[in-house]
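# Reading the structure
This is what each chain is made of:
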Amino acid sequence: MAVSFDKEGYLRVDASVLATLRLLVITSIAISLSIAAIGSRLFSVIRFESIIHEFDPWFNFRATKYLVNHTFYKFLNWFDDKTWYPLGRITGGTLYPGLMVTSAVISNLLNKLSLPVDIRNITVMLAPAFSTLTALSTYLFTYEVTSSTKTFKNNKTPALLSAAFIAIVPGYISRSVAGSYDNEAIAITLLMTTFYFWIKSVKLGSIFYASITSLFYFYMVSAWGGYVFITNMIPLHIFVLILMGRFDYKLYTSYCTWYALGTLMSMQIPFVRFSPIKSNDHISSFGVFGLLQLVIFANYFKTILSPKLFNNFMIAFGTIILSLGLIFLIFATKFGWIAPWTGRFYSLWDTNYAKVHIPIIASVSEHQPTPWSSFYFDLNYLIWCFPFGVYLCFNDLSNESIFVIIYSVLGSYFAGVMIRLMLTLAPIVCVCGSLTIGKLIQIYLDIKLYLKEKNEKKEDYNNKENITNLSNLISKLLIILTMIFYLFFYVQHCIWVNSNAYSSPSVVLASKNRDGSAAIIDDFREAYYWLRMNTEEDSKVMAWWDYGYQIGGMADRTTFVDNNTWNNTHIATVGKAMSVNETNSEIVMRKLGVDYVLVIFGGLLGYSGDDLNKFLWMIRISEGIWPEEVNERSFFTDKGEYRIDELATDSMKDSLMYKMSYYKFGEMFQNRDPVDRVRQQRLSSKYANEIHLDILEEVFTSENWLVRIYKLKEEDNFGRSLVEIGDKERSEEGKSKRSKRLQTKKRPNLDLRV
Amino acid sequence: MNLFSIISYLLLSLHTVFAISYEEALSEVGKDGLLHITDKNYKKLMKNNDYGLVVLLTADDPRVGCTLCVQFTPSYKAMAQSYYNNLFDEESLMINPIDSKDDKSKIIFGISDYLSAKEFFGVLQLTAVPRLFYYAPGKGPQLSQFTNEFSFLAVENTDGFIRWISGNVPGLDIKFLKNVQPPSKSILLTLIIILLSSIIVLYKFQSQIFSIVQSKKVWEFLSIGSIILLISGYMYNQIRNAEMYKVDKDGVIHYFAQGHNVQFGTETQIMSIIYTTLFAGLFIIIQVLPQLKNPRNKLILSITASTIMFIAYSYIIAVYKLKSPSYPFQLLRSLVGL
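Model, not experiment: these values are computed from the prediction. (Residues numbered from 1 in each chain as written. Chains lettered and ligands numbered in written order. Predicted model: local features only at pLDDT ≥ 70, side-chain atom pairs only at ≥ 80, totals over all residues. Heavy atoms only, no water.)

### Things to note about empty space enclosed by the protein
Residue and element names in this part refer to chain A. As a reminder of what qualifies: Only protein atoms enter the calculation, which uses a 1 Å grid: trapped sets of points that fit a 1.4 Å probe without letting it out are cavities, open sets showing protein on both sides within 12 Å along at least five of seven lines are pockets, and any residue with an atom within 4 Å of a point is a lining residue. Grid points are joined across faces, edges and corners, and a volume is the space filled by probe spheres set on the points. Only runs of H or I of at least four residues qualify as helices and only runs of E of at least two qualify as strands under DSSP, and these elements are numbered from the N terminus. Gly is put with the polar residues, along with every residue not named as nonpolar or charged; the nonpolar set is Ala, Val, Leu, Ile, Met, Phe, Trp, Tyr, Cys and Pro, and the charged set is Asp, Glu, Lys and Arg.
Counted under the stated rule, the structure contains 2 cavities of 30 Å³ or more. Of the voids in this model, the largest cavity is the one considered here, and its volume is about 60 Å³. In this structure, the largest cavity is lined by Tyr217, Thr231, Trp258, Tyr259, Thr263, Ser266, Pro276, His282 and Ser285. If one sorts the elements of the lining of the largest cavity by residue count, helix α12 (residues 249-266) sits on top with 4 residues. Within the lining of the largest cavity, the residues separate by chemical class into 4 nonpolar, 5 polar and no charged. A volume near 50 Å³ is recorded for the second largest cavity.

Written out as structure tokens, the structure reads:
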């Protein structure tokens, strides 16, 4: 009998039933967490549609489509002649293929099961699907950390809590909403899984688990450039353990297995190649590998030598090794055997490096430092439970909790330096937060303890005890209620953040009409669709690099620069074409082979992320290459203001970007003064009507003027310069005073290709 | 020819007589590659004949309290130094303006500090430092009518001044100004001395240092302290050189920057205090309370701790709401009166 009443009337339940019940509860928790994780990532799909978001995902999507339609080897050898025109890009060798391969495998698998799902839907839903796996791996990680401590032995509360936290924490959702098809979408899952297997293998000293660790490490390397975080975390963990005198053969086994296998496997990725042995990012893992050999060597001598002899031996040995290592390091760097420290590496450690030396890195908003409000926004109240979780780890030092401590300190540093690395901090904050809350629950909400007390207290019952019990109950209740309230608030906050901040596809914008009803601004896709249907298939579209991937993915046209920023000069060339006057710009554009120019203009709508606001970066980047022709100072007025109205500087007024943005802007306002709603400046209508363009011809402007497309005019048959012709026409128009009528008449001739 | 033109002609010739040539100026330049201009010598030195003159007017003394000067002057000095070194280094492949006829790239870098050149600054009618002036050849005596000025105001990255200089002096390649000097022997020597002395100190106070390094409390304090600092946005202030606070037109001091993505230095301090308070609250609840025996003390302490934590957390939320007003949540309304 599994359940029965015994003679004294107590309910007796068989252990197997309890175990089943426990499993059932945990499974249902896991299922509801998955639903919560996926559900909170679906806001954008429900509000807009199943669409790929932002910029980089469009490239990943395009690459995935290529992989699905071709073979894997063709994908690795893919030379993409549609980007970085005229250079092209060896795409297969310069990307992390993990993401594309994952979705291609899923797509093929579903096809084999006769469940043909469109590749777009797979890519859109990949990130939410992986987020449930992240919750699972975080659960396993936390359980592995807590199960070895005294306080949480056989207690799954913190593990379940951490899974619940990570499922909806905004810091992670920011990169994993449906449609955000980016490397980070699967990378965090892999990060936590790798770390889970790592601490497991350290605990057991098992080659099997170490091999699995390196397998997941390999997957991580194939998926995200941030794998370097693991490459440095694991050696650091080992290094600290050695310094603390916790060296044992388990460490040796697991590290050496991981290092040897992991390094060999990571070198199979074409983009990584030999950097694990050449680049300084990886040098710490190699150094610790060497150190472990030395330590085990010394350990051996310790067993066969007398203590005094061993001491002397160690000193001599240490000095020789240290000096040899230093000399090697100096020479290797000097002769260029090991790669110079890369810029991204510098910007992590020397925080001023990027600002001074690499405007292109500084221009990316993801590389900006993090103010405290972002920490609060992304992690809510976990942020103040986090330090206490670290404190709890200190209270119960084990190899695993040391790992958590190192991860916490490093993670908070990196997250503080670069806002996008909040992503790597979020899992450990969830783990530490769950330790704190788990501890609270253990102390104040343990039902077993409560029942036990009640049983004991039943016998001697008096008034004084009663008061004690009451005050105890009140204090417990107060604390636990506030904590539960904070948890409740956490969920509220997360849902609000997810729905408001992180669920916008940024390809489609949402706004409100005057009556409060929702309006969708779909200018980007309108313009890209126009490009796709109305231009020659091989036409080249020049735009600032933010839009390169989208033009490639949605309009399927050749671009000059895109979000993959490896060629600074080429980007600067495009920046120069945008920031110099028409005559000079025409020279650049003819040399580049430009057919169309695309600008984003938010002045009419009030969209602040437009090209004029990014213009300063174009100027800065091109000034780095052509300081004589482009000068940042000359775009500011004498008072140091960034003006775009009549008081703007001449360089500003003459620049192609300015003209493209405000060309015919005055017509929208009839005879009133046009107002730029982003920069809050008013142009007089006379001045606005005088803005003219000679080398370009307007071919398309989207509904809300967000995207404007211009065509580079053909060269004049008589060899006259286009600017001259334009000037001449204008002076004639001025004489005949018909300018108003002519302007309205001159509409571009569009013929629709079907 | 009337009297006036004779006098002006005389003056002009006098001027050319007293103006100094590039070679003469070079001999005045110190080993640091800089022409040090003071009240005593500015009348003589500010007469450039055939070379361009770049003058940095600064006030490095901490008593003046010009942060930008202190920040900027070292990079200017380094630039002048590298130019000077390249000038006499044949391997640098820079054409020495003395040997070549291309006198366009003849340039002298001058520096003048306010405390030693008060009169000179007065003549220039300066109201603010630092200023960086360029005088075309022969234009030095005009003093306040400089040929060109580098604007510190509109430029985020002051390293642009090197580009500005090369823009003013045609024929001067930018790379000769930028060359990073190899660390000099004296730096190496001091490094070795520091290394040696630290080893000696380490050896002498071995046991004390070891006991500190091995103490768990120290590491605990260091890691938790740094985590609290970092999550309060410490690195943001470091990287962005954020202001401590802002005084608006009405003289009201704002400690909190408006906007989700910006912050002032004070915010980090306030937030780290709040986080520490919350940490202490958690410590009391988790570590101290279960140890207490007296039920009354227990009740009082738990109420105090919970209340303080509640207020602290409400404060965080209130401040956050202040920074980004679209945030819908708040716990205690009265705290918004910040």
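Okay, back to it.
### Comments concerning the packing of helix α14 (residues 283-304) of chain A against helix α15 (residues 307-334) of chain A
All names here are of chain A. Let me state the cut-off plainly: For every element, the axis is a line fit to its C-alpha atoms; helices are fit only across the contacting stretch, and the angle between N-to-C directions ranges from 0 to 180 degrees. Just so you know how the angles are binned, under 35 degrees is roughly parallel, over 145 roughly antiparallel, 65 to 115 roughly perpendicular, and the rest oblique. Take the far helix as your reference; a near helix turned counterclockwise from it by less than a right angle gives a left-handed crossing, and one turned clockwise gives a right-handed crossing. Residues count as neighbours in contact if any of their non-hydrogen atoms are within 4.5 Å of one another.
Following both chains from N to C, one finds α14 and α15 inclined at 160°, their axes separated by 11 Å at the closest point. For the element pair α14 / α15, the angle class is roughly antiparallel. In the packing of α14 onto α15, the handedness of the crossing is right-handed. Contact with α14, carried on its side by Ile283, Leu294, Phe297, Ala298, Phe301 and Lys302, involves Phe310, Phe313, Met314, Phe317, Ile321 and Leu329 of α15 and no other residues of that element. Among the residues making up the contact of α14 with α15, the classes are represented as 11 nonpolar, no polar and 1 charged.

### Considering the nonpolar core
Residues and elements named next belong to chain A. Applied cut-off: For this analysis, a nonpolar core means a set of buried residues of the types Ala, Val, Leu, Ile, Met, Phe, Trp, Tyr and Cys, connected via side-chain atoms within 4.5 Å. Buried means the residue's accessible area, taken with a 1.4 Å probe over protein chains only, is under 20% of the maximum for its type, while exposed means over 50%, and partly exposed covers the values in between.
The biggest cluster of nonpolar side chains holds 188 residues, and the ones touching the most others in it are Phe141 and Trp384. No other element matches the 14 residues that helix α22 (residues 422-444) contributes to this core. Discounting chain neighbours no more than four positions away, the residues touching Phe141 are Met192, Phe195, Tyr196, Ile199, Phe403, Val404, Ile428 and Val431. Within the second largest apolar cluster, 55 residues are counted, among which are Ile619, Phe669, Trp705 and Val723.

### Some thoughts on the sheet that holds strand β5 (residues 540-542) of chain A
All names here are of chain A. The condition is simple: Note: two strands are recorded as paired if DSSP finds a minimum of 2 bridges between them.
Judged by pairing direction, the sheet is mixed, and its 5 strands sit side by side in the order β6-β5-β7-β11-β10 without closing on themselves. Of all strands in the sheet, those bounded by a partner on one side alone are β6 (558-559) and β10 (696-701). Of the pairings in the sheet, the one linking β10 to strand β11 (residues 707-712) comprises 5 bridges and is antiparallel in character. Its bridge partner being in β11, Thr701 is matched across the sheet by Arg708. Of the strands in this sheet, β5, β7 (596-600), β10 and β11 touch helix α25 (residues 523-534), which is tilted by about 25° from β11.

### Thoughts on the interface of chain A and chain B
What counts here: Note on terms: buried area is the combined drop in 1.4 Å-probe accessible area of two parts once they are placed together, counting the loss on both. Criterion for a salt bridge: a side-chain nitrogen of Lys or Arg within 4 Å of a carboxyl oxygen of Asp or Glu. N or O atoms within 3.5 Å of each other form a polar contact, as long as, within protein, one can give a hydrogen and the other can take it, and as long as residues adjacent in sequence are counted only when both atoms are side-chain atoms.
Contacts between chain A and chain B engage 61 residues on the former and 58 residues on the latter. Buried surface at the junction of chain A and chain B, both sides included, amounts to about 5,500 Å², of which 73% is carbon and sulfur. Together, Trp372(A), Trp384(A) and Phe394(A) form the three largest contributors to the area buried by chain A at its contact with chain B, with a combined 16%. For the interface between chain A and chain B, the tally reads 0 salt bridges. Counting across the chain A and chain B interface gives 8 residue pairs in polar contact (both at pLDDT 80 or more). Per element, the largest residue contribution to the side of chain A that touches chain B is 14 residues, and it comes from helix α24 (residues 463-500) of chain A.

### Here's the deal with the side chain of Thr573(A)
Residues and elements named next belong to chain A. Mapped onto the fold, Thr573 is located in helix α27 (residues 568-579). The exposure class assigned to Thr573 is buried, which follows from its relative accessible area of 16%. Those residues in contact with Thr573, other than ones at most four positions away along the chain, are Val588, Leu592 and Trp626.

### Focus: the packing of helix α20 (residues 382-395) of chain A against α22(A)
Residues and elements named next belong to chain A. α22 packs onto α20 with a crossing angle of 75° between their chain directions and a minimal axis gap of 7 Å. Of the possible angle classes, the one that applies to α20 and α22 is roughly perpendicular. Only Leu425, Ile428, Val429, Cys430, Cys432, Gly433, Leu435, Thr436, Ile437 and Lys439 of α22 make contact with α20, whose side of the interface consists of Leu382, Cys385, Phe386, Phe388, Gly389, Val390, Leu392 and Cys393.

### What about the pattern of salt bridges?
Residue and element names in this part refer to chain A. Tallying each qualifying case throughout the model produces 24 salt bridges over all chains. Residues Glu184 and Arg175 are paired through a salt bridge, measuring 3.2 Å at the closest nitrogen-oxygen approach. Of the charged contacts in the structure, one is a salt bridge between Asp716 and Arg720, with a shortest N-O distance of 2.9 Å. Take Arg720: its relative accessible area is 38%, and that puts it in the partly exposed class. Ionic contacts of the salt-bridge type, sharing partners, join the residues Glu49, Asp522 and Arg525 into one network.

### Looking at the confidence of the model for chain B
Rule in force here: Scored from 0 to 100, pLDDT reflects the predictor's confidence in each residue.
Mean pLDDT over chain B stands at 79; residues scoring 70 or higher make up 81%. No element of chain B has a lower mean pLDDT than helix α1 (residues 3-18) of chain B, at 54, and none a higher one than helix α10 (residues 216-231) of chain B, at 93.

### Examining the pairing of β7(A)
On any regular strand, side chains alternate: one points to one face of the sheet, the next to the other face. Residue and element names in this part refer to chain A. Within β7, 5 of the 5 residues are buried, leaving the element largely enclosed by the surrounding structure. Along β7, one buried face is formed by Tyr596, Leu598 and Ile600 and the opposite face, lined by Val597 and Val599, is buried too. Pairing of β5 with β7, which is carried by 2 bridges, proceeds in the parallel orientation. In the sheet register, Met542 faces β7, and the bridge partner there is Val597. Here β7 runs beside β11; their pairing, made up of 5 bridges, is antiparallel. By the bridge assignment for β11, Val599 is matched with Arg708.

### Focus: the sheet that holds strand β4 (residues 131-135) of chain B
Residue and element names in this part refer to chain B. Read across the open sheet, the 5 strands follow the order β1-β3-β2-β4-β5; overall the sheet is mixed. Strand pairing shows two members of the sheet lacking a second neighbour, β1 (35-36) and β5 (148-150), which therefore form its edges. Bridging between β1 and strand β3 (residues 107-113) involves 2 bridges; their strand directions are parallel. Bridge pairing in β3 links Leu35 to Gly110.

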